[in-house]
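Chain and residue survey
Below are the chains, spelled out letter by letter.
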Amino acid sequence: MNIKSEKEEYLEKLWTMMEDKEDSLQILSANMNRNDHEKIIQELQMDDLVQTEGNSIKLSSTGEKKARKIIRAHRLAEKLIFDALGGDYEKGACEFEHMVNTELIDSICILLGHPQECPHGRKIPQGDCCKNAVKTVECAVMPMTDMEIDQSFRVAYINGQKDNVRLNKISTLQIRPGSLVKMEQKYPSIVIQCEGADIALDDNIAADIYVWKEANNIRESGGEQSKHDKKSRFEFMRINRGR
Amino acid sequence: MEQKSQQAHKPDIPPIKVGIVGLPNSGKTQLFNNLTGTYNVVANALLTTIEHKVANCEINGHPCEITDTPGIYELYTQSFEEASTRDYLFSKKPDVIIMCMDSNRIKQSLNLTLDLLELGIPIIIALNAIDETCRRGIVLDTRKMFRFLRVPVFECIALSGLGTDELKDAILQARGVKWEFQYGPLIEKGLAQIVQMLPTDLPLKRKVAILLLLNDPYISEFITKKKYDSDNIDIHQIQDCVTSTQQNFQGNLSRVINNRRSQWVDDVYDEIVLQHKITPHEYEKTIARWCRKPLSGIPILFFIVYLVYLAVVNVANVIAEWMDVHLWVPIQSVINGWVPAGFFNDFLIGDYGILSLGLANAFITVLPILSVFFLIYNTLEDIGYIPNLCVLTRRFLDKIGLSGESVMPLVLGFGCKTMATLTTKSLQSKRERYIAIYLIAFAIPCAAQMGLNISILGRMGLLALVIAFSVLIGVEILAGLLLNLILPQEDKGIFLQELPPIRFPTVKAVLVKTWYRLIWFLEEALPVFIYASVILFVLDKTGLLMASRLFLSPVIEGFLGLPIEMVDALILCMARHEAGAGLIIKFINEGLLNMTQCIVAVTLTTMFIPCFANIMAMVKELGTYRAIAMSLMINASSFLIAGTLNWSLILLL
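Reference entry: report on the structure contained in this document.

Rules used in this analysis
Residues numbered from 1 in each chain as written. Chains lettered and ligands numbered in written order. Predicted model: local features only at pLDDT ≥ 70, side-chain atom pairs only at ≥ 80, totals over all residues. Heavy atoms only, no water. Helix = DSSP H or I, 4+ residues; strand = E, 2+ residues; numbered from the N terminus. Buried < 20%, exposed > 50% of the residue type's maximum accessible area, 1.4 Å probe, protein only. Pairing = 2+ DSSP bridges. Expected span 1.5 Å × (residues − 1). Contact = heavy atoms within 4.5 Å. Core = buried A, V, L, I, M, F, W, Y, C linked by side-chain atoms within 4.5 Å. Axes fitted to C-alpha atoms, helices over the stretch in contact; angles between N-to-C directions. Phe/Tyr/Trp six-rings, centres within 6.5 Å; stacked < 30°, edge-to-face > 60°. Patch = residues over 30% accessible without salt bridge, like charges linked within 9 Å, V, L, I, M, F, W, Y side chains within 5 Å. Areas by Shrake-Rupley, 256 points an atom, 1.4 Å probe, with all protein chains shown as cover. Salt bridge = Lys/Arg side-chain N within 4 Å of Asp/Glu carboxyl O. Polar contact = N/O pair within 3.5 Å; in protein donor to acceptor, adjacent residues only side chain to side chain. Parallel < 35°, antiparallel > 145°, perpendicular 65-115°, else oblique. Nonpolar A, V, L, I, M, F, W, Y, C, P; charged D, E, K, R; others polar. Left-handed = near helix turned anticlockwise from the far one by under 90°. Disulfide = S-S within 2.5 Å.

**With respect to the overall build of chain A**
- The number of helices and strands found in chain A is ten helices and eight strands.
- For chain A, the proportion of its 243 residues judged to be buried stands at 57%.

**Some details on the pairing of strand β6 (residues 190-194) of chain A**
All names here are of chain A.
- In terms of burial, β6 is largely enclosed, as five of its five residues are buried.
- Side chains Ile190, Ile192 and Cys194 project from β6 onto one buried face, and the interleaved Val191 and Gln193 project onto a second face that is buried too.
- Pairing of strand β5 (residues 180-185) with β6 involves four bridges; the strand directions are antiparallel. Looking at β6, one finds that Met183 is bridged to Ile192.
- Taken together, β5 and the strand that follows it, β6, pair antiparallel across an intervening segment of four residues.
- Across five bridges, β6 lies against strand β7 (residues 197-201) in antiparallel orientation. Counted as the bridge partner of Cys194 is Ala197 from β7.
- With antiparallel pairing between neighbouring strands as the criterion, β6 and β7 make up a hairpin whose turn holds two residues, including Glu195 at a positive phi of roughly 50°.

**Thoughts on the pairing of strand β3 (residues 53-59) of chain B**
Residues and elements named next belong to chain B.
- Of all the seven residues making up β3, six are buried; the element is thus mostly covered by neighbouring parts of the structure.
- Pairing between β3 and strand β4 (residues 62-68): seven bridges, direction antiparallel. Residue pairing for β4: Asn56 is matched across the bridge by Glu65.
- With antiparallel pairing between neighbouring strands as the criterion, β3 and β4 make up a hairpin whose turn holds two residues, including Asn60 at a positive phi of roughly 45°.

**Considerations on helix α1 (residues 3-19) of chain A**
Residues and elements named next belong to chain A.
- Counted at 1.5 Å a residue, the expected span for α1 with its 17 residues is 24 Å, and the 24 Å between its end C-alpha atoms agrees.
- Of all 17 residues that make up α1, twelve are buried, and the element is covered over most of its length.
- Residues of α1 that are buried include every one of Ser5, Glu6, Lys7, Glu8, Glu9, Tyr10, Leu11, Glu12, Leu14, Trp15, Thr16 and Met17, and no others.
- Positive backbone phi, at 60°, marks Lys21, one or two positions downstream of α1.

**Topic: the side chain of Glu381 of chain B**
- Position of Glu381 of chain B relative to the elements: it lies in helix α15 (residues 354-383).
- Among all residues touching Glu381 of chain B, those that are not within four sequence positions of it are Val42, Ala43, Asn44, Ile386, Lys513 and Arg517 of chain B.

**Quick word on the nonpolar core**
- Core analysis: the largest hydrophobic core is formed by 201 residues, its most contacted members being Ile192 of chain A together with Phe90 and Trp264 of chain B.
- Per element, the largest residue contribution to this core is eleven residues, and it comes from α15 of chain B.
- With residues up to four places along the chain from it excluded, the contact list for Trp264 of chain B reads Leu110, Leu114, Leu117, Leu149, Trp179 and Phe181 of chain B.
- With 21 residues, the next largest nonpolar core counts Ile16, Ala55, Val96 and Ile124 of chain B among its residues.

**Focus on the sheet that holds strand β3 (residues 141-143) of chain A**
- In space, the seven strands of this open sheet follow the order β3(A)-β8(A)-β4(A)-β5(A)-β6(A)-β7(A)-β10(B), with antiparallel pairing throughout. Edge positions in the sheet fall to β3 of chain A together with β10 (496-499) of chain B, since each has one partner strand and no second. Looking at each pair of strands side by side, their axes are set apart by 40° on average, direction ignored.
- Relative to β5 of chain A, strand β4 (residues 152-158) of chain A runs antiparallel, the two being bridged by three bridges. Each residue of the ladder has a partner; that of Arg154 of chain A, found in β5 of chain A, is Leu180 of chain A.
- This element, helix α16 (residues 385-399) of chain B, spans β5, β6 and β7 of chain A together with β10 of chain B of the sheet and lies at about 145° to β10 of chain B.

**Some remarks on the packing of aromatic side chains**
All names here are of chain B.
- Enumeration according to the criterion identifies 14 aromatic pairs over all chains in this entry.
- When the ring of Phe343 is compared with that of Phe537, the centres are 5.4 Å apart and the planes differ by 65°; the resulting orientation is edge-to-face. With Phe343 in helix α14 (residues 343-349) and Phe537 in helix α22 (residues 507-542), this pair connects stretches of sequence that are 194 residues apart.
- Under the relative-accessibility criterion, Phe343 is labelled partly exposed at 46%.
- With 5.8 Å between their ring centres and 90° between their planes, Phe608 and Phe639 make a pair best called edge-to-face. A residue pair is termed long-range when its members are at least 10 positions apart, and Phe608 in the loop between α26 (595-607) and α27 (612-622) and Phe639 in helix α28 (residues 624-652) qualify at 31 residues.
- Phe639 gets classed as partly exposed once you look at its relative accessible area, which sits at 23%.

**Considerations on a nonpolar patch on the surface**
Residues and elements named next belong to chain B.
- A contiguous nonpolar surface patch, about 310 Å² in accessible area, is contributed by Tyr306, Leu310, Leu462 and Val466.
- Sorting the residues of the nonpolar patch by element identifies α13 (294-338) and α21 (462-486) as the ones contributing at least two each.
- Position of Val466 among the secondary structure elements: in helix α21.

**A look at the environment of Trp290 of chain B**
Residues and elements named next belong to chain B.
- Its location among the elements puts Trp290 in helix α12 (residues 283-292).
- Separated by 241 residues in the primary sequence, Trp290 and Tyr531 have C-alpha atoms spaced 47 Å apart.
- The residues touching Trp290, leaving out its near neighbours within four places in the chain, are Ser296, Gly297 and Ile300.

**Notes on helix α5 (residues 142-149) of chain B**
- Where α5 of chain B begins, the capping side chain belongs to Asp141 of chain B, and its oxygen is found 3.3 Å from the backbone nitrogen of Arg143 of chain B.
- Arg150 of chain B lies just past α5 of chain B and shows a positive phi near 60°.

**Notes on the packing of α1 of chain A against helix α3 (residues 37-46) of chain A**
Residues and elements named next belong to chain A.
- For the pair α1 and α3, the least separation of the axes is 10 Å and the interaxial angle reads 80°. Put simply, α1 runs roughly perpendicular to α3. Between α1 and α3, the contacting residues are Ile3, Glu6, Lys7, Tyr10 and Leu11 on the first element and His37, Lys39, Ile40, Ile41, Glu43 and Leu44 on the second.
- In terms of residue class, the contact of α1 with α3 is built from six nonpolar, one polar and four charged.

**Description of the packing of helix α19 (residues 430-441) of chain B against α21 of chain B**
Residues and elements named next belong to chain B.
- Contact pair α19 / α21: the axes reach a minimum separation of 10 Å and the direction vectors enclose 155°. Taken together, the axes of α19 and α21 lie roughly antiparallel to each other. The way α19 lies across α21 gives a crossing that is right-handed. Across the interface between the two elements, Arg431, Ile435, Tyr438, Leu439 and Ile440 of α19 pack against Glu476, Ala479, Gly480, Leu483 and Asn484 of α21.
- When its residues are assigned to classes, the contact of α19 with α21 shows six nonpolar, two polar and two charged.

**Remarks on the state of the cysteines**
Residue and element names in this part refer to chain B.
- A complete count under the given rule lists zero disulfides over all chains for this structure.
- A disulfide-free cysteine, Cys57 has its sulfur positioned 5.5 Å from the sulfur of Cys64, the nearest such atom.
- Cysteine Cys156 shares no disulfide, and the gap to the nearest cysteine sulfur, in Cys100, comes to 6.5 Å.

**Points about unusual backbone geometry**
- Put simply, Tyr187 of chain A and Pro188 of chain A share a cis peptide bond, and its omega is 0°.
- Mapped onto the secondary structure, Pro188 of chain A falls in the loop between β5 and β6.
- A positive phi angle, close to 60°, is found at Arg150 of chain B, a residue other than glycine.
- The residue Arg150 of chain B is located in the loop between α5 and β8 (153-155) in this model.
- Judged by its relative accessible area of 44%, Arg150 of chain B is partly exposed.

**Description of the pattern of salt bridges**
- Inspection of every chain in the model, using the stated rule, returns 34 salt bridges over all chains.
- Two residues, Arg105 of chain B and Asp102 of chain B, come together in a salt bridge whose shortest N-O distance is 2.8 Å.
- Linking Asp266 of chain B and Lys107 of chain B is a salt bridge whose minimum nitrogen-to-oxygen distance equals 3.1 Å. Highlighted residues: Asp266 of chain B in helix α11 (residues 253-272) and Lys107 of chain B in helix α3 (residues 106-117), separated in sequence by 159 residues. Exposure class is identical for Asp266 of chain B and Lys107 of chain B. Each is buried.
- Taken together, the salt bridges that share partners define one network made up of Glu19, Asp20, Arg75 and Arg122 of chain A.

Now the structure itself:
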């Protein structure tokens with residue numbers, strides 16, 4: 001790993017420490033466990049990315065800006081790899097954020113429908129695209145509330161990973177990434193069909209469930225996808241899922 | 001907690017313990033009825049069974065103890081009621097589990113099956129409602145399923161009893177399979193560590209360890225509560241081990257575990273399910289949609305209420321009159337011929353006679369009305385209409401402080417208030433539970449009350465019915481709004497509710513259910529009717545009734561504008577609502593009540609003291625003190641409201 005990536009790893013760690021309200025130098029060094037710990041801290045100080053004071057260390061405003069970008073890339077990458085591609089997120093994402101530029105990250109963000117949390121449930125920093133709520137025609141992922149009646153989409157991801165009670169309730173009904181849902185009714189309450197069961201739910205839950213748009217989404221009747229369709233477009237989501 | 005229906009069984013051979021487990025509304029109770037030959041209420045609705053039921057029976061000569069459990073989605077639990085089924089599996093350790101699988105919800109069922117397979121208890125899978133699945137164009141390959149799961153799989157249609165014999169044979173032959181689902185090296189290592197630390201005689205250690213890793217809120221309680229060799233275990237030490245495993249694992253451990261599981265479910269599903277390309281049009285779905293949309297749903301709701309009104313008023317009254325003329329009048333004349341007028345004549349057929357107020361009231365006045373009403377109600381229940389109403393009423397109920405979860409108990413209150421009160425256990429928010437219990441006890445009439453109310457008001461015309469029910473609805477809303485304001489705000493529970501599918505009911509099932517409901521009504525209520533008439537008779541003869549009438553007359557006559565005889569009805573009401581209603585019908589026939597008085601009487605009795613079972617359920621959920629306080633509050637407000645109603649009706653009409 002080169003020194004640039006090493007420094008970025010430190011910035012990432014400092015950001016998560018900031019989120020957890022931690023600023024102890026020991027915790028940082030214990031967590032990173034690097035031989036050249038001192039050197040990297042020095043480099044960071046020279047670049048004016050961190051501020052140290054006695055035993056505490058925290059990001060400077062420039063450091064924060066930079067860390068924010070990296071974190072955003074990291075968490076969006078996790079989101080992409082884990083939710084969209086069905087892979088193991090920790091392996092890929094560490095490398096990923098050091099390689100891509102802002103434009104690419106923004107387009108991933110738009111593709112994923114501006115997710116708010118990474119798969120661990122930590123907050124993804126907002127980019128300009130989220131603030132402007134960019135919606136392109138190609139936007140492949142959208143909240144369930146935007147579905148039209150009778151459309152069948154596949155669940156991409158669910159926001160609110162921290163609320164275990166709620167998440168568990170949702171997933172016991174088999175509403176989880178990859179399952180097919182069909183919008184039955186939107187008013188007075190949303191009713192969806194998911195894996196053979198009709199489920200009524202509140203708008204605010206539906207707004208946290210994001211779905212993939214499918215090409216031939218309007219179906220005559222019945223919510224279940226036939227075998228043929230399943231293979232064609234969404235096969236990529238099921239990589240690593242077979243035996 | 002457990003209801004035992006004892007039947008003879010040989011004491012020398014230990015009975016095979018069989019547990020029926022499955023998703024909510026998957027037909028467990030119907031299967032239970034088929035296997036045991038008993039009858040318990042089955043309905044096309046969730047939460048029909050809320051208590052474990054045990055029955056002893058003989059299967060091919062071998063004694064069996066079969067337990068029916070409330071439906072669960074998985075063994076990981078969030079609520080107390082779900083934990084009860086798990087506690088049964090963990091501590092009673094059945095010899096055989098029958099997994100009742102809803103063929104329409106294969107993935108959900110497979111998820112639960114995986115949980116059960118991990119327990120290592122012999123399992124038999126009953127693929128229920130296989131006929132519906134076929135009609136939907138889905139074919140299940142049971143042979144492949146058997147190969148994958150390595151447990152016997154039987155197709156069955158519980159409603160018609162198909163597949164019961166195969167299941168019985170399988171129970172006797174069931175054998176355990178070694179089944180270990182692998183979660184990957186890191187998690188397995190942690191699991192092994194935790195398993196070592198658990199008490200040695202704790203059953204199903206591996207599953208307990210997995211639940212610990214998933215942060216199940218009830219599992220540590222389970223370990224410590226039971227006296228499993230607990231001297232040398234330290235729950236904190238175990239908890240530390242769990243936390244360290246969770247931290248060693250980069251990322252969200254529960255999510256990874258759940259993902260591995262759903263991968264397995266997906267794999268099995270892909271193998272066993274063959275889907276036809278063209279899915280047939282389902283009329284049931286269209287009907288369900290119409291019922292849930294406001295534009296069509298509200299007219300449908302009113303139409304059904306009107307239909308019930310017509311049936312109860314016209315059909316039931318005709319039956320009641322026929323019975324009165326052809327049964328009661330002859331009996332009366334025979335008794336009058338045998339027993340001369342006086343004390344004994346009064347005791348038998350006087351105003352408070354054991355036959356007239358007890359038996360005739362139950363059989364001739366109340367029973368015809370309940371039969372007709374239950375027939376319609378049971379049909380609606382088997383269609384699955386009632387739970388689907390919660391979609392229609394959801395937003396409206398939100399306004400009176402009931403968000404989401406509590407909608408279902410409230411809707412269930414129209415069936416049986418006691419059951420509905422017990423289901424509020426599943427509500428996360430204390431505040432909502434309180435509001436729900438109050439509203440259920442207050443102005444919601446239960447099925448029997450509803451039938452009788454319609455019959456009473458129907459005698460006065462449709463207008464009376466509309467006024468009385470609008471008042472009740474208004475009162476309920478007002479109470480909801482007030483409680484919403486008074487009680488401190490809390491986080492709202494979420495509304496995420498599975499709905500039963502709309503089904504065409506079978507005539508036989510509806511008739512059988514109506515028959516049993518009426519039998520149960522008579523078993524439960526007839527003694528109460530008779531005791532109550534005896535008590536009234538004694539009160540009357542000792543003059544106490546007169547005294548209490550005098551004492552209460554300012555309230556009853558002055559404030560409520562009701563004839564003084566209503567005191568009798570109120571006393572009967574305290575014993576059993578149906579008895580009071582029966583007496584009110586008698587008053588109407590005698591011309592004692594006019595329309596305004598009928599409306600006041602019905603609103604009063606509907607709100608007045610909830611039945612004894614309901615109060616007991618309230619005590620169970622809220623504690624004695626609060627339950628009594630709530631009942632008193634309900635009674636006080638019911639008098640106030642009925643009085644106000646009386647005066648405003650006098651002014652208006």
